[in-house]
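Remarks on the overall topology
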Amino acid sequence: MSRWTFGDIIVERVVEFEGPLFPPSSLFPAATSEAIDSHCDWLEPELLDPESRQLVLAFNSYVVRTPRATILVDTCGGNDKHRPQKPRYHMKKWLYLENLLALGIKPQDVDHVLFTHLHVDHVGWNTTLSDSRWTPTFPNAEYLFVRDEWEYWQHQYQTDEFSDDPYYADSILPIIAAGQAVFIEKDYAFEKNMWLDPTPGHTPGHVCLHISSGGAEAVISGDIMHHPLQCTEPNWNSCFCVNPAQAQRTRRAFFDRYANTHTLIMPTHFPTPSVGRIVSSGPAWRFSFEGTR
Ligand SMILES: [Zn+2]
(Lines give C-alpha, C1' and ligand atoms only; values in the text may rest on other atoms or scores of the structure.)
Protein backbone atom coordinates (compact mmCIF):
# COMPACT_ATOMS: atom_id res chain seq x y z
CA MET A 1 0.00 0.00 0.00
CA SER A 2 1.75 3.10 -1.22
CA ARG A 3 -1.11 5.53 -1.56
CA TRP A 4 -2.12 8.18 0.93
CA THR A 5 -4.99 10.68 0.86
CA PHE A 6 -4.84 14.14 2.44
CA GLY A 7 -8.16 15.88 1.87
CA ASP A 8 -8.41 16.28 -1.90
CA ILE A 9 -4.72 15.49 -2.48
CA ILE A 10 -3.50 11.95 -3.24
CA VAL A 11 0.16 10.96 -2.85
CA GLU A 12 1.59 7.74 -4.27
CA ARG A 13 5.07 6.30 -4.03
CA VAL A 14 7.04 5.05 -7.03
CA VAL A 15 10.05 2.91 -6.13
CA GLU A 16 13.06 2.66 -8.39
CA PHE A 17 15.26 0.50 -6.16
CA GLU A 18 15.19 -0.87 -2.63
CA GLY A 19 17.77 -3.00 -0.84
CA PRO A 20 21.02 -3.08 1.14
CA LEU A 21 23.37 -0.42 -0.21
CA PHE A 22 25.94 1.25 2.07
CA PRO A 23 27.87 0.07 5.11
CA PRO A 24 26.73 2.48 7.87
CA SER A 25 30.12 4.16 8.21
CA SER A 26 30.27 4.83 4.44
CA LEU A 27 26.99 6.71 4.39
CA PHE A 28 27.43 8.23 7.86
CA PRO A 29 31.10 8.98 8.56
CA ALA A 30 30.30 9.53 12.26
CA ALA A 31 28.84 6.02 12.68
CA THR A 32 31.15 3.83 14.77
CA SER A 33 30.71 0.05 14.88
CA GLU A 34 29.98 0.34 18.63
CA ALA A 35 27.15 2.77 17.94
CA ILE A 36 25.70 0.55 15.21
CA ASP A 37 25.92 -2.50 17.50
CA SER A 38 23.93 -0.60 20.12
CA HIS A 39 21.10 -0.08 17.60
CA CYS A 40 21.10 -3.58 16.05
CA ASP A 41 18.09 -4.76 18.03
CA TRP A 42 15.75 -2.40 16.20
CA LEU A 43 17.67 -2.07 12.91
CA GLU A 44 17.90 -5.73 11.87
CA PRO A 45 16.72 -7.15 9.57
CA GLU A 46 14.52 -4.56 7.81
CA LEU A 47 16.76 -1.50 8.19
CA LEU A 48 20.19 -3.15 8.40
CA ASP A 49 20.83 -6.30 6.40
CA PRO A 50 22.34 -8.88 8.80
CA GLU A 51 24.32 -10.65 6.06
CA SER A 52 25.95 -7.78 4.21
CA ARG A 53 25.92 -5.42 7.22
CA GLN A 54 24.67 -2.72 4.86
CA LEU A 55 21.91 -0.21 5.49
CA VAL A 56 18.66 -0.89 3.64
CA LEU A 57 17.67 2.11 1.56
CA ALA A 58 15.07 2.92 -1.06
CA PHE A 59 14.98 5.37 -3.93
CA ASN A 60 11.46 6.77 -4.12
CA SER A 61 9.59 9.35 -6.13
CA TYR A 62 6.27 10.64 -4.89
CA VAL A 63 3.42 11.47 -7.26
CA VAL A 64 1.12 14.17 -5.91
CA ARG A 65 -2.28 14.50 -7.51
CA THR A 66 -4.44 17.52 -6.75
CA PRO A 67 -7.78 18.26 -8.44
CA ARG A 68 -5.82 20.52 -10.81
CA ALA A 69 -2.42 18.95 -11.42
CA THR A 70 -0.19 15.89 -11.36
CA ILE A 71 3.16 16.64 -9.75
CA LEU A 72 6.14 14.26 -9.71
CA VAL A 73 8.48 14.94 -6.78
CA ASP A 74 12.08 13.81 -7.43
CA THR A 75 12.98 11.48 -10.27
CA CYS A 76 15.42 8.87 -8.86
CA GLY A 77 18.45 7.69 -10.87
CA GLY A 78 17.13 7.00 -14.35
CA ASN A 79 17.92 4.51 -17.11
CA ASP A 80 20.87 4.26 -19.51
CA LYS A 81 22.89 6.89 -17.63
CA HIS A 82 26.64 6.58 -17.99
CA ARG A 83 27.93 6.59 -14.38
CA PRO A 84 30.98 4.28 -14.38
CA GLN A 85 32.02 5.62 -10.95
CA LYS A 86 28.60 4.82 -9.48
CA PRO A 87 27.46 1.23 -10.04
CA ARG A 88 24.10 1.92 -8.40
CA TYR A 89 23.27 4.28 -11.32
CA HIS A 90 25.36 2.99 -14.21
CA MET A 91 23.45 1.94 -17.36
CA LYS A 92 20.37 0.76 -15.49
CA LYS A 93 17.12 -0.63 -16.92
CA TRP A 94 14.61 0.06 -14.16
CA LEU A 95 10.88 -0.42 -14.74
CA TYR A 96 10.18 3.05 -13.36
CA LEU A 97 7.97 4.33 -16.20
CA GLU A 98 6.08 1.02 -16.11
CA ASN A 99 5.48 1.58 -12.40
CA LEU A 100 4.17 5.08 -13.11
CA LEU A 101 1.91 3.63 -15.79
CA ALA A 102 0.57 1.12 -13.27
CA LEU A 103 -0.69 4.15 -11.32
CA GLY A 104 -2.44 5.33 -14.47
CA ILE A 105 0.15 8.01 -15.23
CA LYS A 106 1.65 8.33 -18.69
CA PRO A 107 4.66 10.63 -19.18
CA GLN A 108 2.48 13.20 -20.96
CA ASP A 109 0.15 13.36 -17.92
CA VAL A 110 2.75 14.92 -15.61
CA ASP A 111 2.16 18.68 -15.24
CA HIS A 112 5.07 19.57 -12.93
CA VAL A 113 8.30 17.92 -11.88
CA LEU A 114 9.57 19.23 -8.56
CA PHE A 115 12.95 18.58 -6.92
CA THR A 116 13.74 18.59 -3.23
CA HIS A 117 17.31 19.12 -4.47
CA LEU A 118 19.47 18.47 -7.52
CA HIS A 119 21.56 15.43 -6.59
CA VAL A 120 22.10 12.62 -9.09
CA ASP A 121 19.51 10.34 -7.46
CA HIS A 122 16.75 12.97 -7.66
CA VAL A 123 16.98 14.04 -11.31
CA GLY A 124 17.66 10.86 -13.30
CA TRP A 125 14.25 10.35 -14.90
CA ASN A 126 14.17 13.98 -16.01
CA THR A 127 15.46 12.69 -19.33
CA THR A 128 15.42 9.55 -21.41
CA LEU A 129 17.52 8.54 -24.36
CA SER A 130 15.88 9.09 -27.73
CA ASP A 131 17.93 8.67 -30.93
CA SER A 132 21.11 9.02 -28.86
CA ARG A 133 19.92 12.34 -27.40
CA TRP A 134 18.75 13.08 -23.87
CA THR A 135 15.24 14.45 -24.14
CA PRO A 136 12.70 15.40 -21.44
CA THR A 137 10.81 12.30 -20.25
CA PHE A 138 7.71 14.31 -19.41
CA PRO A 139 6.94 16.30 -22.56
CA ASN A 140 4.19 18.51 -21.12
CA ALA A 141 5.72 19.18 -17.72
CA GLU A 142 7.17 22.31 -16.25
CA TYR A 143 10.31 21.25 -14.40
CA LEU A 144 10.46 23.43 -11.29
CA PHE A 145 13.98 24.28 -10.14
CA VAL A 146 14.47 26.15 -6.87
CA ARG A 147 16.61 29.09 -7.90
CA ASP A 148 19.13 28.84 -5.02
CA GLU A 149 19.68 25.17 -5.74
CA TRP A 150 20.06 25.68 -9.47
CA GLU A 151 22.54 28.53 -9.01
CA TYR A 152 24.68 26.48 -6.64
CA TRP A 153 24.97 23.49 -8.99
CA GLN A 154 25.39 25.67 -12.04
CA HIS A 155 28.40 27.23 -10.35
CA GLN A 156 29.78 23.78 -9.44
CA TYR A 157 29.32 22.67 -13.03
CA GLN A 158 31.09 25.72 -14.40
CA THR A 159 34.02 25.10 -12.07
CA ASP A 160 34.26 21.57 -13.49
CA GLU A 161 33.60 19.45 -10.45
CA PHE A 162 31.43 17.10 -12.49
CA SER A 163 34.14 15.64 -14.66
CA ASP A 164 33.53 12.05 -13.50
CA ASP A 165 29.74 12.28 -13.32
CA PRO A 166 27.87 13.91 -16.17
CA TYR A 167 24.46 13.96 -14.48
CA TYR A 168 24.16 17.71 -14.72
CA ALA A 169 24.79 17.54 -18.46
CA ASP A 170 22.51 14.55 -19.20
CA SER A 171 19.66 15.18 -16.74
CA ILE A 172 19.45 18.93 -16.13
CA LEU A 173 20.86 20.87 -19.08
CA PRO A 174 18.55 19.14 -21.64
CA ILE A 175 15.56 20.41 -19.65
CA ILE A 176 16.87 23.97 -19.84
CA ALA A 177 17.59 23.57 -23.56
CA ALA A 178 14.06 22.28 -24.19
CA GLY A 179 12.58 25.38 -22.54
CA GLN A 180 10.80 23.29 -19.90
CA ALA A 181 12.60 24.70 -16.85
CA VAL A 182 10.83 27.15 -14.57
CA PHE A 183 12.81 28.76 -11.76
CA ILE A 184 10.95 29.15 -8.48
CA GLU A 185 11.71 30.64 -5.08
CA LYS A 186 12.39 28.37 -2.12
CA ASP A 187 9.07 29.30 -0.45
CA TYR A 188 6.99 28.73 -3.58
CA ALA A 189 3.34 27.74 -3.03
CA PHE A 190 1.47 25.58 -5.54
CA GLU A 191 -1.89 26.29 -4.03
CA LYS A 192 -2.90 27.51 -0.62
CA ASN A 193 -2.67 23.96 0.73
CA MET A 194 0.73 22.98 -0.69
CA TRP A 195 3.99 24.88 -0.39
CA LEU A 196 7.77 24.55 -0.14
CA ASP A 197 9.68 24.87 3.12
CA PRO A 198 13.36 25.83 2.71
CA THR A 199 15.51 23.22 4.48
CA PRO A 200 19.12 24.04 3.52
CA GLY A 201 22.17 22.05 4.57
CA HIS A 202 22.13 18.73 2.73
CA THR A 203 22.32 21.05 -0.28
CA PRO A 204 22.05 24.86 -0.29
CA GLY A 205 18.61 24.99 -1.92
CA HIS A 206 17.08 21.84 -0.42
CA VAL A 207 13.32 22.14 0.12
CA CYS A 208 10.51 20.02 1.56
CA LEU A 209 7.02 19.95 0.10
CA HIS A 210 4.39 20.60 2.76
CA ILE A 211 0.86 19.34 2.13
CA SER A 212 -2.02 20.53 4.29
CA SER A 213 -5.47 19.44 3.18
CA GLY A 214 -8.68 18.24 4.76
CA GLY A 215 -7.18 18.56 8.25
CA ALA A 216 -4.28 16.23 7.37
CA GLU A 217 -0.62 17.22 7.10
CA ALA A 218 2.27 15.61 5.26
CA VAL A 219 5.81 16.59 4.33
CA ILE A 220 7.77 15.11 1.44
CA SER A 221 11.11 15.56 3.13
CA GLY A 222 13.74 14.70 0.51
CA ASP A 223 17.16 14.06 2.04
CA ILE A 224 16.88 15.89 5.37
CA MET A 225 17.65 12.37 6.55
CA HIS A 226 18.58 9.24 4.60
CA HIS A 227 17.78 6.55 7.15
CA PRO A 228 15.74 6.20 10.38
CA LEU A 229 19.06 5.94 12.24
CA GLN A 230 19.35 9.71 11.94
CA CYS A 231 16.26 10.26 14.13
CA THR A 232 18.12 8.45 16.88
CA GLU A 233 21.49 9.93 15.93
CA PRO A 234 20.44 13.37 14.67
CA ASN A 235 24.00 14.68 14.44
CA TRP A 236 25.00 12.05 11.90
CA ASN A 237 25.26 13.68 8.49
CA SER A 238 25.45 11.71 5.30
CA CYS A 239 28.71 11.91 3.38
CA PHE A 240 26.72 13.79 0.72
CA CYS A 241 25.76 16.77 2.90
CA VAL A 242 27.17 19.95 1.34
CA ASN A 243 27.06 22.03 4.54
CA PRO A 244 27.34 19.59 7.48
CA ALA A 245 26.75 22.07 10.32
CA GLN A 246 23.70 23.53 8.62
CA ALA A 247 22.40 20.04 7.76
CA GLN A 248 22.52 19.11 11.46
CA ARG A 249 20.71 22.28 12.50
CA THR A 250 18.03 21.85 9.85
CA ARG A 251 17.50 18.18 10.75
CA ARG A 252 17.14 18.89 14.46
CA ALA A 253 14.78 21.81 13.83
CA PHE A 254 12.72 19.56 11.55
CA PHE A 255 12.47 16.85 14.24
CA ASP A 256 11.57 19.46 16.87
CA ARG A 257 8.87 20.89 14.66
CA TYR A 258 7.18 17.61 13.73
CA ALA A 259 7.82 15.37 16.76
CA ASN A 260 4.65 13.95 18.31
CA THR A 261 2.42 15.59 15.68
CA HIS A 262 0.15 13.88 13.19
CA THR A 263 2.23 15.12 10.24
CA LEU A 264 3.14 12.19 7.99
CA ILE A 265 6.81 12.38 6.98
CA MET A 266 7.62 11.01 3.52
CA PRO A 267 11.41 10.69 2.99
CA THR A 268 13.08 9.74 -0.29
CA HIS A 269 15.28 6.93 0.94
CA PHE A 270 13.45 5.07 3.72
CA PRO A 271 12.56 1.49 2.78
CA THR A 272 8.99 0.21 2.60
CA PRO A 273 6.62 1.47 3.91
CA SER A 274 8.85 4.57 3.67
CA VAL A 275 6.56 6.96 5.54
CA GLY A 276 5.84 7.56 9.20
CA ARG A 277 5.95 9.98 12.10
CA ILE A 278 8.66 11.53 14.25
CA VAL A 279 8.36 10.59 17.91
CA SER A 280 10.36 11.98 20.85
CA SER A 281 12.60 9.35 22.43
CA GLY A 282 14.84 10.28 25.35
CA PRO A 283 17.30 12.97 24.28
CA ALA A 284 16.55 12.37 20.57
CA TRP A 285 13.78 10.97 18.40
CA ARG A 286 12.73 7.83 16.61
CA PHE A 287 10.90 7.19 13.34
CA SER A 288 7.61 5.36 13.72
CA PHE A 289 6.81 3.74 10.38
CA GLU A 290 3.20 3.76 9.28
CA GLY A 291 2.15 0.66 7.38
CA THR A 292 3.58 -2.81 6.97
CA ARG A 293 7.04 -3.68 5.73
ZN1 LIG B 1 18.99 11.28 -2.27
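Residues numbered from 1 in each chain as written. Predicted model: local features only at pLDDT ≥ 70, side-chain atom pairs only at ≥ 80, totals over all residues.

This part covers the overall build of the protein. The helix and strand tally for the protein stands at seven helices and 16 strands. Here the C-alpha radius of gyration of the protein, 18 Å, is about what a compact globule of 293 residues would show, namely 19 Å. Along the first, second and third principal axes, the C-alpha atoms of the protein reach 50 × 45 × 35 Å. Expressed as a percentage of the 293 residues in the protein, the buried residues total 42%. Pairs at least 24 apart in sequence give 66% of the contacts found in the protein among residues at least 6 apart. (Helix = DSSP H or I, 4+ residues; strand = E, 2+ residues; numbered from the N terminus. Rg over C-alpha atoms; globule rule 2.2 N^0.38 Å. Buried ≥ 20, exposed ≤ 12 C-beta atoms within 10 Å, placed from the backbone. Contact = placed C-beta atoms within 7 Å.)

Turning next to the sheet that holds strand 8 (residues 142-146). Read from one edge to the other, the open sheet built from seven strands follows the order 1-2-3-4-5-8-9, with strand pairing classed as mixed. In this open sheet, the two edge strands, each paired with only one partner strand, are strand 1 (3-6) and strand 9 (181-184). The sheet shows a mean angle of 25 degrees between the axes of neighbouring strands, taken without regard to direction. Pairing of strand 2 (residues 9-22) with strand 3 (residues 55-65) involves eleven bridges; the strand directions are antiparallel. Bridge assignment links Phe22 to a residue of strand 3, and that residue is Leu55. Contacts from helix 4 (residues 147-158) reach strand 8 and strand 9, with the element oriented near 80 degrees to strand 8. (Pairing = 2+ DSSP bridges. Axes fitted to C-alpha atoms, helices over the stretch in contact; angles between N-to-C directions.)

A separate point is the pairing of strand 13 (residues 216-222). The buried fraction of strand 13 is high, at five of seven residues. Bridge count for strand 12 (residues 207-213) against strand 13 is five bridges, and the pairing is antiparallel. Paired with Ile211 across the two strands is Ala218, which belongs to strand 13. In textbook terms, the turn of a hairpin is the stretch between consecutive antiparallel strands, and for strand 12 and strand 13 this stretch comprises two residues, one of which, Gly214, has a positive phi near 60 degrees. Pairing analysis gives four bridges linking strand 13 to strand 14 (residues 264-267), with the strands arranged parallel. Its bridge partner being in strand 14, Gly222 is matched across the sheet by Pro267.

This part is about the nonpolar core. Core analysis: the largest hydrophobic core is formed by 68 residues, its most contacted members being Val11, Val73, Val113, Leu209 and Met266. Considering every element that reaches this core, the biggest residue donor is strand 3, with eight residues. For Val113, the contacting residues outside a window of four places in its chain are Leu72, Thr75, Asn126, Phe138, Ala141, Tyr143 and Leu144. (Core = buried A, V, L, I, M, F, W, Y, C linked by C-beta atoms within 7 Å.)

All right, on to helix 5 (residues 167-177) then. What helix 5 keeps buried is the set Tyr167, Asp170, Ser171, Ile172 and Ile175. Looking straight down helix 5, one finds that the buried residues subtend no more than 155 degrees of arc, so they occupy a single side. In helix 5, the exposed positions that point more than 90 degrees away from the buried face belong to Ala169 and Ala177. Packed against the buried residues of helix 5 are strand 6 (127-130), strand 7 (133-136), strand 8 and strand 9. The positive-phi residue at the C-terminal boundary of helix 5 is Gly179, with phi of around 75 degrees. (Arc of directions from axis to C-beta.)

Our next topic: the pairing of strand 8. Most of strand 8 is tucked away: four of the five residues are buried. When strand 5 (residues 112-114) meets strand 8, the two strands line up parallel, connected through three bridges. The partner of Val113 across the bridge, within strand 8, is Tyr143.

Turning our attention to the environment of Arg13. Looking at the secondary structure, you find Arg13 in strand 2. Taking the C-beta count within 10 Å as the criterion, Arg13 has 20 such neighbours and is therefore assigned buried. Residues Arg13 and Val123, 110 residues apart in the sequence, show an inter-C-alpha distance of 16 Å.

With that out of the way, let us pick up unusual backbone geometry. With omega at -5 degrees, the peptide bond leading from Glu44 into Pro45 counts as cis. With respect to the helices and strands, the residue Pro45 is situated in the loop between helix 2 (33-43) and strand 3. Looking along the chain, the bond that leaves Thr272 and enters Pro273 is cis, with omega of 10 degrees. Mapped onto the secondary structure, Pro273 falls in the loop between strand 14 and strand 15 (276-281). Even without being glycine, Arg53 reaches a positive phi, approximately 60 degrees. Within the secondary structure, Arg53 is located in the loop between helix 2 and strand 3.

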